[in-house]
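# Architecture and fold: a report
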Amino acid sequence: MKLADTKATLSFSNGSPSVELPVYQGSVGPDVVDIRKLYAQTGMFTYDPGFLSTAACQSAITYIDGDKGELLYRGYPIEQLATNCDFMETCHLLLYGNLPNAAGKAEFTRRVTQHTMVNEQMQFFLRGFRRDAHPMAIMTGLVGALSAFYHDSTDITNPEHRDISAIRLIAKMPTLVAMAYKYTVGQPYMYPKNELSYAGNFLHMMFATPCEPYVVNPVIERAMDRIFTLHADHEQNASTSTVRLCGSSGTNPFAAIAAGVACLWGPAHGGANEACLNMLEDIQKMGGISKVGEFMEKVKDKSSGVKLMGFGHRVYKNYDPRAKLMQETCKEVLAELGLENDPLFKLAMALEKIALEDDYFVQRKLYPNVDFYSGIVQRAIGIPVPLFTAIFALARTVGWIAQLNEMIGDPEYKIGRPRQLFTGSVKRDVAPLAQR
Ligand code: CMC
């Protein structure tokens, strides 16, 4: 970041002296006012719950232009990455800043595939969960537990430890997600098959059984790979900021990523794909497309508490570019599986059409986000609804770890410690129990 020519001046109506604040420019996007010395200079904090106007860090990984509906990983548009590259190349890009050449890709893929197995003890750890446990509950536990298995790579200040943890996490997440699934359905775990692609191996671990050969369908494999690529990073979203804050204490990478998994679970974030599919199924049960109008009235009625899941975004005030790509993949997968007339897809298209023309959504700039179509694709592939968010976590792991590593390498990095506007009781005395 570089100092801008402009300076910001903060003045006060009570006659206190005004303060000059430096302004920094990024390579693109809004400038930032540097308020780090504000408290020292004025005794005041800034107030910004939900970080509506606060840049919590500098980052060179992902850029979003929410008004244009643009998403760039290390400068490359998501559309080009999703069309011309696969997830392994995207991981390399996010972690190391450049797209690998053929030899670099082969080497990176080899390093990842070397780590796809998890310690055999993991299955005993899994056994402690109820069979009907939510996969995100299992994932939060399993990812946190990894730090108990890899003592040789838990020093976050050591770049080699960070790199090997990154590779281990990327390699093991598909194995853990597939194990969580197999556990809940009571099937034997399938060991990874390293001759398969990253996405192909995940499909194999999910859907193969020891009883018969499993052949990966290339259309589904491509769709899975695209789901991973589209979810790989999204700058300072809630789970990534959680990973950064958690990691800022110097905790180990596995613990920091487990915190990200926990945050992602919420329905306003990664849990929206599950919530969106449940919503579509509910409308379908109510009568399908004929009930869309009625449902939309509920969404617009604030007292109902109903939201159109898969719609709206803190940053995008235009069509989420990932939603367009996901809709394309959705059509491909449904055609491949002979499900072109899938009623939920038709319902989603009808909802989208109405929402895009409705004043409520137009005025608030609410557009479909990535989760609007991803659930339909995953359901068609045969992935159970509660597993959707775990797959999001699998894909986002590379983004989390790239951002965590970037933070640790940043000379301006400090432990994260927000301040507060205190509105509670001022100092008072404790009365003895009998007098309260
Ligand atoms: N349905 C109906 N109304 C909505 C929706 C929606 N999906 N999203 C926002 N609004 C309304 C909201 O009620 C508010 O109205 P008003 O100005 O009258 O009070 C206005 O639009 C602005 O919304 P907001 O809640 O202030 O916006 P936010 O930036 O705090 O929230 C959001 C963003 C994603 C949490 C929200 O849009 C939402 O809950 N969407 C549904 C959940 C969802 O699809 N989440 C996935 C996000 S993308 C994947 C990811 O990053 O994890």
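Residues numbered from 1 in each chain as written. Predicted model: local features only at pLDDT ≥ 70, side-chain atom pairs only at ≥ 80, totals over all residues. Heavy atoms only, no water.

What follows covers helix α8 (residues 198-207). Turn by turn, an α-helix covers 3.6 residues, leaving residues three or four places apart pointing in a common direction. With 9 of 10 residues buried, α8 is to be regarded as a mostly interior element. Taken together, the buried positions of α8 are Tyr 198, Ala 199, Gly 200, Asn 201, Phe 202, Leu 203, His 204, Met 205 and Met 206. At its buried positions, α8 is contacted by α3 (87-96), α4 (102-113), α7 (159-185), α9 (218-230), α17 (371-381) and α18 (388-409). (Buried < 20%, exposed > 50% of the residue type's maximum accessible area, 1.4 Å probe, protein only. Helix = DSSP H or I, 4+ residues; strand = E, 2+ residues; numbered from the N terminus. Contact = heavy atoms within 4.5 Å.)

This brings us to the packing of helix α6 (residues 135-149) against helix α11 (residues 253-264). Direction vectors running N to C along α6 and α11 enclose 170 degrees, while the axes themselves pass 7 Å from each other. In terms of their interaxial angle, α6 and α11 are classed as roughly antiparallel. Contact residues: Met 136, Met 139, Thr 140, Val 143, Gly 144, Leu 146 and Ser 147 in α6; Phe 254, Ile 257, Ala 258, Val 261, Ala 262 and Leu 264 in α11. In terms of residue class, the contact of α6 with α11 is built from 10 nonpolar, 3 polar and no charged. (Axes fitted to C-alpha atoms, helices over the stretch in contact; angles between N-to-C directions. Parallel < 35°, antiparallel > 145°, perpendicular 65-115°, else oblique. Nonpolar A, V, L, I, M, F, W, Y, C, P; charged D, E, K, R; others polar.)

Across the interface, α9 lies against α17 with an axial gap of 11 Å and an inter-helix angle of 145 degrees. Once α9 is placed against α17, the crossing between them reads as left-handed. Together, Ile 220, Ala 223, Met 224 and Ile 227 of α9 and Val 377, Gln 378 and Ile 381 of α17 make up the contact between the two elements. In terms of residue class, the contact of α9 with α17 is built from 6 nonpolar, 1 polar and no charged. (Left-handed = near helix turned anticlockwise from the far one by under 90°.)

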